[in-house]
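Here is how the chains run, residue by residue.
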Amino acid sequence: MSNLEILDLALNQLSGQIPSSIFNISSLEEIYLDGNSLSGEIPGEIGNLFGLETLSAPSSGLSGQIPASIFNISSLYSVNLANNSLSGSFRKVFRI
């Protein structure tokens, strides 16, 4: 899976926590987890995905703190985490 660029698991009725091993796939550019029944936090290992451009996980049952490591991903330009129970805030990291 070293060449996997898009991981689309939206609307698959997935439950449980996001496996942190997903964030070891360094080639990932887009992750879609929309509309599942996940639990727990976004793993801090998300910061390992330096080429990630899109993170979409609205209405996925996520909770906890938004990991600070997400702000280290300079390629990230689209984030949708709406309708979850996440805390924290996005600091201004994008220049237009």
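None of the values given here were measured: they were computed from a predicted structure.

1. Some points on the nonpolar core
Here comes step 1: Ranked by internal contacts, the top residues of the largest apolar core, which has 22 residues, are Ile31, Ile46, Leu52, Leu55 and Ile70.
Here comes step 2: When sequence neighbours within four positions are dropped, the list of residues in contact with Ile31 reads Leu7, Phe23, Leu49, Leu52, Thr54, Leu55 and Ser56.

2. Some words on the environment of Leu49
Here comes step 1: Looking at the element boundaries, Leu49 is found in the loop between strand 4 (37–38) and strand 5 (54–56).
Here comes step 2: Sequence-wise, Leu49 and Ile70 are 21 residues apart; in three dimensions their C-alpha atoms are separated by 8.9 Å.
Here comes step 3: Filtering out sequence-adjacent residues up to four positions away, Leu49 remains in contact with Phe23, Ile25, Ser26, Leu28, Ile31 and Ile73.

3. A closer look at the side chain of Asn36
Here comes step 1: Note on placement: Asn36 falls in the loop between strand 3 (30–32) and strand 4.
Here comes step 2: A distance of 3.1 Å separates the side chain of Asn36 from the backbone nitrogen of Asn12, its partner in a polar contact.
Here comes step 3: A polar atom in the side chain of Asn36 sits 3.0 Å from the backbone oxygen of Leu33.

4. With respect to the confidence of the model for the protein
One rule of thumb: low pLDDT means the predicted coordinates there are not for detailed reading.
Here comes step 1: When pLDDT is averaged across the protein, the result is 91; 92% of the residues are at 70 or more.
Here comes step 2: Confidence, read as mean pLDDT per element, is least for strand 8 (residues 85–87) in the protein (93) and greatest for strand 3 (98).

5. Describing the sheet that holds strand 7 (residues 78–80)
Here comes step 1: Across the sheet, which stays open at both edges, the four strands sit in the order 1-3-5-7 with parallel pairing between neighbours. Edge positions in the sheet fall to strand 1 (6–8) and strand 7, since each has one partner strand and no second. With direction set aside, neighbouring strand axes in the sheet form an average angle of 5°.

6. Concerning unusual backbone geometry
Here comes step 1: Phi at Gln13 takes a positive value of approximately 55°, unusual for a residue other than glycine.
Here comes step 2: Take Gln13: it is sitting in the loop between strand 1 and strand 2 (15–16).
Here comes step 3: Relative accessible area serves as the criterion here: at 74%, Gln13 is assigned to the exposed category.
Here comes step 4: Unlike most non-glycine residues, Ser59 shows phi in positive territory, near 50°.
Here comes step 5: Positionally, Ser59 belongs in the loop between strand 5 and strand 6 (63–65).
Here comes step 6: The exposure class assigned to Ser59 is partly exposed, which follows from its relative accessible area of 38%.

About the cut-offs
Residues numbered from 1 in each chain as written. Predicted model: local features only at pLDDT ≥ 70, side-chain atom pairs only at ≥ 80, totals over all residues. Heavy atoms only, no water. Core = buried A, V, L, I, M, F, W, Y, C linked by side-chain atoms within 4.5 Å. Buried < 20%, exposed > 50% of the residue type's maximum accessible area, 1.4 Å probe, protein only. Contact = heavy atoms within 4.5 Å. Helix = DSSP H or I, 4+ residues; strand = E, 2+ residues; numbered from the N terminus. Polar contact = N/O pair within 3.5 Å; in protein donor to acceptor, adjacent residues only side chain to side chain. pLDDT = per-residue confidence, 0-100. Pairing = 2+ DSSP bridges. Axes fitted to C-alpha atoms, helices over the stretch in contact; angles between N-to-C directions.

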